[in-house]
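Next come the chains, spelled out residue by residue.
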Amino acid sequence: MTDEQQAPDPPVFDAVVVGAGPAGASAALALARAGRSVVMVERGPFPGAKNVYGGVVYGRVLDEVIPHWWEQVPVQRWVVRRSTMILTDTQAVTLDVRSQAWGAQPYNGMTVFRADFDSWLAQHAIDAGARLLTSTVATGLLRDGSGRICGVRTDRPGGDLRARVVIACDGVNSFLAKEAGLLPRADATHMTLGAKEVLALPAGVIEERFGLGPHEGLDIEAVGGTAGVPGGGFLYTNRDSVSVGVVVSLNGLAASGRRPEDLIASFKAHPGIASYLKGAEVKEYSAHLIPEGGYSTMPELATDGLLVAGDAAAMTLAAGIWLEGVNFAIGAGLEAGRAAATAIGTGDVSAAGLSGYRRALEASFVLRDHKRLRLAPDLVLSDRMQQQYTKVLCDIAEDLFTVTNPQPKPGLVRIMRRVLRRHRVRWRDLARDGLDTARTFR
Amino acid sequence: MVAVCVAPTDLRPEVDDLTGTVRSDLRRADLPAAEAAALEYGLRIAEEWGGWVLVACCGSAAADDLLREARALGAEVVRVGTAPSPTAGPLGPLGPLGPHPVAPGDLAGHPAATAAALAGAIRGHGQPALVLCGDRSGGAGVGAVPAFLAAELGLGQSLGLVSVRTEGVGRLVVERRLDGGWRERLAITGPAVLSVEGAGVRLRRAGLDAVLESAGAPFDVRSPNGSQTPPGEPVAGGMHTSASRPYRPRTRPVPAPTGDAHERLLALTGALSDREPARVVGPLTAAEAADELLAYLARRGYTT
Amino acid sequence: MGRWADISFEARMATVEFRVSERAHIVVDSDVCRSCTTKVCVHACPADLFAPTADGGILFNYEQCFECGTCYMVCNSEGAISWTYPDGGHGVVFRHG
C-alpha cells in the first residue's frame, strides 16, 4: 500500500485485479491480507453492477477469510428448501429437500442481489488495504519490451496501470484471457444464456406460498420447461421478490428461433410454476452468459504475469442437480491472490512462478469438483436427457400413481417397458446413459 | 473561483405502486445529467478564466465516491454533511407535496436551508466568480435551490440555461430555453448564479492517476449550522404556486376587415366563404382510406 | 397461449437502468450480414437490439445492451459484429442481478 506512493510515475502495483466480482474481490482480499499493493479495476459504477446469477451463493468458502460472515452479509433469504424439478409441458416430478439446519448457523446457501453482495465482498478487500477503481474498463494487456505481461491498459485518460501480476477476473467474456490467447474469441458451444426476471411479491405472500419462515428461502432448479430448447429454469426467493428465469444452451437457442423472454414466459406459464407467481410484477429483467463447459473447456489458468479466475476461467458448475459458480469464483480468487502474493515474494512471476495457483486449485474443491463432474455438462444438455428422459421419468411417475381400477396395478417393470417403448428409448441407450450418469455423479 | 453545486441522487429509486413509498439507495447514486453538465461547464470556464472549481454538495457521506471523482477532475470539494437517510428518500408516501419523514439534519426538501448551507460552504472557500447548478435536483427537486442560493449570496441569477460559453475572461454568453421554442441569449458579466439543463455537454472523465490519487483522500466536510436546520414540517419545495394555467401563445395580429358592416361581419364569421363540409366516407378498407386521404390532400394543394 | 400478465417488451426494458454512453460499443458490418441467411442475433439477443432491414442488412442498437455477449457468440459470420465493453461507468446497471 505504501511503496507505490513514493514510486515514480506511473505507480507500480504488486498486482492489478481486473473485475471486482466475487473472484476479483477475493483475489484482492488475499493479496491485501498478504501485504501486497493491489488495485481492482471495475468497469461498472460499483461492484456487481454488471453481474447476474441464477440462484444461490454458498458461503462456506468464506469461513476461512471472513469469520462469522453470516452476521454481516447482505443476504436476502437463507435457503432451507431446495427443489429439483423435471418438467414436461404438462407434468412435473419434483425432489423437494428441506432442512431447517440450513436456516441456522453456520448456514448453507443464501439468495442475494449481486449489486449488494459483490459490493460487500469488495469492501472487505478495500478494508484489508486493496484499492478499487470503478467506472474503468481494462481494455487490454500491457506488455514490456520482452513481451511479458506487465499490467493493463484502461480507458481512462493516461490509463496504463503497471503491475507485477495481472489477475483476470473479468467474467465470461474475458477479453484479457482472449487477448492472452487462453480463451477462444467466441465459443457458443459451451455457453448457456441465463435470462431472468425479478418479480415483486410481498414477503408475507412469499412465505405463505412457498411454506417459508421470515428469513427462509426456496430455490427451485428445473430441467426442461423451456419450450424444447435444451436447458432449464430456476426460481428463487428474495426478501420481497422472486427471481425466475431460464438457462438455455446458446446454440440451442440460436437453432430454435425463440426469443429469450418468450422462454421465460413459457417457464412461468408451466402449471407447476404459474401459481407461485400470480400477481407478481416485473421489477427488473436481466441476462448474462454462463460458461458451462466445465473442466474440459477451462483455459490455461496461468501464463507469464497473468492468472485467470472465476467465469473468465469457466469455473461454474452446471451439473444438473448442482448449480454453483459464485463459490468457485471466491475459492479460485482467494487461491489466485495467494499464489500471486507468493510469486511476488519470490520475485518469479513467470508461468512457473505462478504455477502454485493451479496446484492449489487441484487440491481444493474448485478443480476437484469440476474434475469429478467433468462429464456432467454434456450429459445434462444432451438430446436424450433433455428431450426423452424428462418425458420418460414424468410418464413413469404418472403411470405409477395413476390408479387403473378395476385393472390391477401393472408393476414398475411393465410401466417402464411401456413408457420406454412409447418414447422410443432403447434399453441399450438407457443402460449406457445410466452408466454414464453413474460415472459422472459417482 | 467557480462554484458548482451538486447533489448526487439515486436516479432510479424504487417506487411502491400501491403505497407510493419511495426507496432510494444512495450507494447507487449518480450525478443528474444537469449537474454533470454544470460541472463540465464549470471546469471549462475555470480553464479559460484561469480559475479553479469548487464542488459543493449538501448531503450524506453515501455518495462520497462521486465527489472524489469530481476531485479527480481537479476540483476542490466541500460537503455539508447531513444525517444519512439511507432508505427514506426525498419523497414521502404521498409524493413531493405530501408530508414526508425527514431525518434530523436532512435538508432534502428544504431548498432554502440547503441553499443557506451551500452558500456558507462556498463562502468558506472564498468569493465565487460564478456559481453553477443543475436546473433541478435529481430527487424531488423543484429547481428552487439556485434561486435561494442567489438570494443568499446576493447575486444575480439566470436559470434553465441550455448553453454556456465564455467570451473572454469574466464574460459569458448563455442561452436559455423559453416557451414555444424560443431562445433567449444573455451576456453575463460579474458574479451570478446560473443553473443549466442537462443537455449539450458530457462530463469529462478523470485521468487514471488523478483517480488513484483521489480515492480515499479526505476533503472538506462541514456540519450545517445548527440554527439553520429547518423545523420538522417541510415546505413543499419552499414555493407557493398561486396559479397555474396552460401556455398561451401571443396573439398574432390580423388586419381588420374592411367594407361596410355586412361585409365585415361576413369576413369575420366566414359565413359565405367556400368551405368543404364534413363528409362521412367510411367504413373503408385501409387502401380506400389511404386513397381518400391522399385525394383530400391533393385537393387542398398539399400534394402535387 | 397460457401466458398471463406479461408486459410489453418496452415496459420490460424500462425496468433496467442504462447509463448510456455516447460511443456505440456494438458495431455491425451490414455488408457481411447481407450474406447471412440465419441472422440468429435478431432473435437470440435478450434485449432485442438487432433488427433486419429490407435490404438484408442488420440495424443495431447499443443503448439498452445487457453486455452479455450473446450476439457475437452466436454470430456465424466472423467479423460481422464488433463488440467491446461500453466506456467505464456506462452501460447497464443491474440492481437485482
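Numbers given for residues are sequential positions, taken from 1 along each chain in its written order. As they are written, the chains are lettered A onward and the ligands numbered 1 onward, keeping that order. With the structure being a predicted model, the display of local features is reserved for residues of pLDDT at least 70 and the display and counting of side-chain atom pairs for 80 or more, all residues being used for whole-chain, interface and lining totals. With hydrogens and water stripped out, all remaining heavy atoms of the structure feed into the side-chain values.

1. Some points on the overall build of chain A
Turning to step 1, where the next piece is worked out: In this description a helix means any DSSP run of H or I spanning at least four residues, a strand means any run of E spanning at least two, and both kinds are numbered starting from the N terminus. Each helix and strand in chain A was counted, giving 15 helices and 19 strands.
Turning to step 2, where the next piece is worked out: Counting all 442 residues of chain A, 60% fall into the buried class.
Turning to step 3, where the next piece is worked out: We call two residues contacting when some pair of their heavy atoms lies within 4.5 Å. Partitioning the intrachain contacts of chain A with sequence separation of at least 6 by distance along the chain shows that 71% fall at a separation of at least 24.
Turning to step 4, where the next piece is worked out: Per element, the accessible surface of chain A, about 16900 Å² overall, is 54% carbon and sulfur. Remark: exposure states derive from per-residue accessible area (1.4 Å probe, protein chains only) relative to the maximum for the residue type, with buried under 20%, exposed over 50%, and partly exposed in between. Per-residue and other accessible areas follow the Shrake-Rupley method at a 1.4 Å probe size, with only the shown protein chains counted as cover for residues.

2. Concerning the interface of chain C and chain A
Turning to step 1, where the next piece is worked out: The interface is formed by 42 residues belonging to chain C together with 56 residues belonging to chain A.
Turning to step 2, where the next piece is worked out: Counting each side, the surface lost to burial between chain C and chain A is near 4000 Å², with a carbon and sulfur contribution of 56%.
Turning to step 3, where the next piece is worked out: Joining two parts hides part of their accessible area as seen by a 1.4 Å probe, and the buried area is that hidden amount summed over both. When the area that chain C buries against chain A is broken down by residue, the three leading residues are Met73, Tyr85 and His96 of chain C, summing to 19%.
Turning to step 4, where the next piece is worked out: Salt bridge criterion: a side-chain nitrogen from Lys or Arg within 4 Å of a carboxyl oxygen from Asp or Glu. Here chain C is connected to chain A by 4 salt bridges.
Turning to step 5, where the next piece is worked out: Between Asp48 of chain C and Arg259 of chain A there is a salt bridge; the shortest N-O distance is 3.6 Å.

3. As for unusual backbone geometry
Turning to step 1, where the next piece is worked out: Cis geometry is adopted by the peptide bond preceding Pro106 of chain A, which originates at Gln105 of chain A and carries an omega value of 0 degrees.
Turning to step 2, where the next piece is worked out: Its place among the elements puts Pro106 of chain A in the loop between β5 (92-98) and β6 (109-112).
Turning to step 3, where the next piece is worked out: Omega for the bond connecting Asn405 of chain A with Pro406 of chain A falls within 30 degrees of zero, at 5 degrees, which places this linkage in the cis form.
Turning to step 4, where the next piece is worked out: With respect to the helices, strands and loops of the structure, Pro406 of chain A is situated in the loop between α13 (383-401) and α14 (412-422).
Turning to step 5, where the next piece is worked out: Phi angles above zero are rare outside glycine, and Asp48 of chain C is one such case at about 55 degrees.
Turning to step 6, where the next piece is worked out: One non-glycine residue with positive phi stands out, namely Glu67 of chain C, at about 60 degrees.
Turning to step 7, where the next piece is worked out: Mapped onto the fold, Glu67 of chain C is located in the loop between β4 (58-60) and α4 (70-74).
Turning to step 8, where the next piece is worked out: On the accessibility criterion, Glu67 of chain C (3% relative accessible area) is buried.

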